[in-house]
Amino acid sequence: MNIRRIAFFLPLFLITSFAISQTQKPKHAGEIKQAIKKLNILGSVLYLAAHPDDENTRLIAWLAKEKQYRTGYLSLTRGDGGQNLIGTEQAEELGLIRTQELLAARSVDGGEQFFSRALDFGFSKTWNETFQFWGRENILADAVWTIRNFRPDVIITRFPPDERAGHGHHQASALLAIEAFKAAADPKRFPEQLAHVSVWQAKRLLWNTSNFFQGSPPSSEHLLINIGEYNPFLGESYGEIAAESRSKHKSQGFGSARQRGNSIERFEMLAGEAPKDELFDEIETSWKRVSAGEHISHMISTIYSDFDDEHPEKSINGLIALLGEVEKVKDAYWKKQKAAEITDLIIACGGIWFESYAPQAKYAIGEQIPVNTTYIVRRPDVEVSIGNTTLTFNEPYEQSSIVAAKGTTQPYWLRSPHSLGSFVVNHQENIGRPTNSDVPKVSISLRVNGQELNVERPVVYKYVHPVRGEVYEPLTVTPQITATLGQKAFIFNGSEPKTVEVVFTGHTQDRISATAMIRLPKGWRVEPEQVPLEFSAKSEEITSRFTIYPADKASLSDSLSIVFQYPDSIEAACAMRAISHEHIPKITWFPPATARLSKVETGVSATRIGYLPGAGDLIPQALREIGLRVDILNEQDVLAGNLSQYDAIVTGVRLYNVNERMRYMQPHLMAYVKNGGTLLVQYNVSSGSLPSDLGPYPLTLSRSRVTDETAPVTILNADSRILNYPNKITAADFNGWIQERGLYFVGDADHRYDQPLRMADPGEAPNTGSLLVAPYGKGNFVYTSLAFFRQLPAGVPGAYRLFVNLLAKSN
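Residues numbered from 1 in each chain as written. Predicted model: local features only at pLDDT ≥ 70, side-chain atom pairs only at ≥ 80, totals over all residues. Heavy atoms only, no water.

Peer 1: What exactly am I supposed to notice about the packing of helix H4 (residues 127-134) against helix H6 (residues 168-183) here?
Peer 2: For any two helices packed against each other, one specifies the crossing angle of their axes together with the interaxial distance. Relative orientation of the contacting elements H4 and H6 amounts to 80 degrees, with a least axis distance of 8 Å. Between H4 and H6, the interaxial angle falls into the category roughly perpendicular. Across the interface between the two elements, Trp 127, Thr 130, Phe 131 and Trp 134 of H4 pack against Gly 168, His 169, Gln 171, Ala 172, Leu 175 and Leu 176 of H6. (Axes fitted to C-alpha atoms, helices over the stretch in contact; angles between N-to-C directions. Helix = DSSP H or I, 4+ residues; strand = E, 2+ residues; numbered from the N terminus. Parallel < 35°, antiparallel > 145°, perpendicular 65-115°, else oblique. Contact = heavy atoms within 4.5 Å.)

Peer 1: Whenever I open this one, the sheet that holds strand S41 (residues 771-776) confuses me. Can you help?
Peer 2: Sheet strands associate in pairs through backbone hydrogen bonding, adopting either a parallel or an antiparallel arrangement. Pairing in this open sheet of six strands is mixed, and the strands run S34-S33-S35-S36-S42-S41 from one edge to the other. Of all strands in the sheet, those bounded by a partner on one side alone are strand S34 (629-632) and S41. Averaged over all pairs of adjacent strands, the angle between their axes in this sheet comes to 20 degrees, without regard to strand direction. When strand S36 (residues 678-681) meets strand S42 (residues 779-784), the two strands line up parallel, connected through four bridges. Opposite Leu 680, over in S42, you have Val 782 as the bridge partner. Each of strand S35 (648-651), S36, S41 and S42 is contacted by helix H16 (residues 797-806), which is oriented at about 135 degrees to S36, the strand it contacts most. (Pairing = 2+ DSSP bridges.)

Peer 1: Got a minute to help me understand the sheet that holds strand S25 (residues 525-527) in this structure?
Peer 2: Ordered in space as S21-S23-S27-S25, the four strands form an open sheet in which the pairing is antiparallel. Strand pairing shows two members of the sheet lacking a second neighbour, strand S21 (481-484) and S25, which therefore form its edges. Taking each pair of neighbouring strands and ignoring which way they run, the sheet shows an average axis angle of 30 degrees. Relative to strand S27 (residues 540-549), S25 is paired through three bridges, and the arrangement is antiparallel. Note on S27: the bridge partner recorded for Val 526 is Ile 548.

Peer 1: What's the story with unusual backbone geometry in this structure? I'm lost.
Peer 2: In terms of backbone geometry, most residues other than glycine have negative phi values and most peptide bonds are trans. In this structure, the amide linkage connecting Glu 527 to the following residue, Pro 528, adopts the cis form with an omega of -10 degrees. With an omega dihedral of -5 degrees, the bond running from Tyr 725 to Pro 726 counts as a cis peptide bond. Checked against the element boundaries, Pro 726 lands in the loop between strand S38 (713-715) and strand S39 (746-749). Despite not being glycine, Arg 654 shows a phi value in the positive range, around 60 degrees. Looking at the secondary structure, you find Arg 654 in the loop between S35 and helix H13 (655-658). In this structure Arg 654 comes out as buried when scored by relative accessible area, which is 13%. (Buried < 20%, exposed > 50% of the residue type's maximum accessible area, 1.4 Å probe, protein only.)

Here is the structure:
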């Protein structure tokens, strides 16, 4: 058998979204026949937009599965700055989730997935602001790189290059597409890329309009295409496939209904040669586009017409002969692409299955990973050999090998510190890739009916879950020691010290020792300053407690970090965090072992808080940081419990959008307010089911927001009790906020609400809908669209001071 450690590199023109598939995906006879037909199609199309969920999954499915073009989606960002409807993950962790959701979507609709270095820094209202954060030239370079690699004949944008796009990121994506369409063909643009790729000129660039972003009035210049077909080989229409694909965006709550019947897509020209009737007008997509390739088309047609649904193995020899002819083709791009497709078809027709897995879920850097590779041939009359061993029909065959754990499996775009607007990627070849290419994997050589095939498989971990059944997880390679702080910020009220727990974990099989040292900014001190660590078993944990004393004068940028001193080196420590959601593979990453140190001078307005969770946030943990008791409430607590024991009740973000039972709980909450309690409602969106009596008096929600986290805040009523007890709130309390001021502000509101704050993004009309307060009976009702769900977990002092005021009871 020939199993060897692979070189961690993929051909640039074959960057694909394989990462979602932790194991080989079987093909049924209908899919195999479709794949044979696709061998005769030499066309490619790239869809380009800004975020996960921007893509038109129906069109991608139609292009990939009906027209059978190589179809890709370049999402400039990974969706890091959005809201999360399935958990509390934010920022980088939300981007990790949405990366996998996009890969899951592509595994359904047949597309491939690509990304740039652009970071979703939150909602942006202008393309100019977007480019200020992203760095226009860098992200343009990424788009050009992807085009030169992928070589699309047609490029399609989701958005127009003007204000109709409705979002600065959206408009910027279209502007970059127009510029990249030309730059990719210009050898003077980004010439450093030409050491790896060649220039490429796509035929045309179009805008795929939609109901949300309507184009110009219909005219003869617009291309209309009906993509509502039903595919009998797949047993679904493209509207049905699209719904399944789009429903993978679970963190955004984008579950979609399956649609059937005619569906018209409209396209407007942005650049290049206009089509007359079809997207690929005047583009050669047969084997005529490569030199001496026409006879290959005839061979494929014969294999297709002779295909036996009940005996797909009869097509193997024809495919082997075809592979030999394709390997003679001079066009390197299509030779590699089609050779890979034929190899997959030979394996599928033979019912050949193989996978490589490790006995444990994680290994540390420097360890040797034992790998077991299992093979089976499930069709008769197929001769498969591994080295000198010929496999027996329908009998599993196993071989063992060793793979070295050379580096951690930290996502490549998170290996270096990043700016607010873009990630740092140190290797050009990684640009565009959805996930790491250097994960542990094996390269396998096998002979099928005498033809040598070389394939790769990632090493995975698998186990049997009592409910979910067989579960595959990506293999994790960890640092030798990690340090987990448990939270992103530690809050100090005044000069009081705080005891912090750090959990150190050793990940190696062998004994390992180090000294952990706490690094603090000037004026802060810690006891002890360092602790010795010695681990004798894998996954052994040591919990250490440190007492931190705040500085007399703290800075908004103060932070704590941990370093490990080994016998021959000093290294910055990393934490290890796992993200688990059943609809995507388990994600493990290693953020720096750092935390913000925030000194908050705040009084106490409430001591016991009831919290009704919404779509997911970390507010309860943040409130506990300043000594408040926070009880998590459920429906039964509201309907039948004793709410009077709480000084205040807080509702989680989007609670009224995601919990349809709120219409039954709301009367009880308002009765609680009337009897003297404080109800603090955090932001909801105007869509979805909202009770008409969201507050004691009428109010309506809008889509307005203030995205500039530094936007000036004007205090309209300095005497407002909400701004004075127990803390005097001033403009300084709005310093150091992150990502945004607030979102989905209140539009119209009854005059009985006090609206003490005013703010606006540059150039926009002032908005007073971020905070509403009204007495009701003996209590207080508060509605706020301020982004406390971002500020409090980040340890923003002024946000804490204001939030404490909002919890106060009426006098």
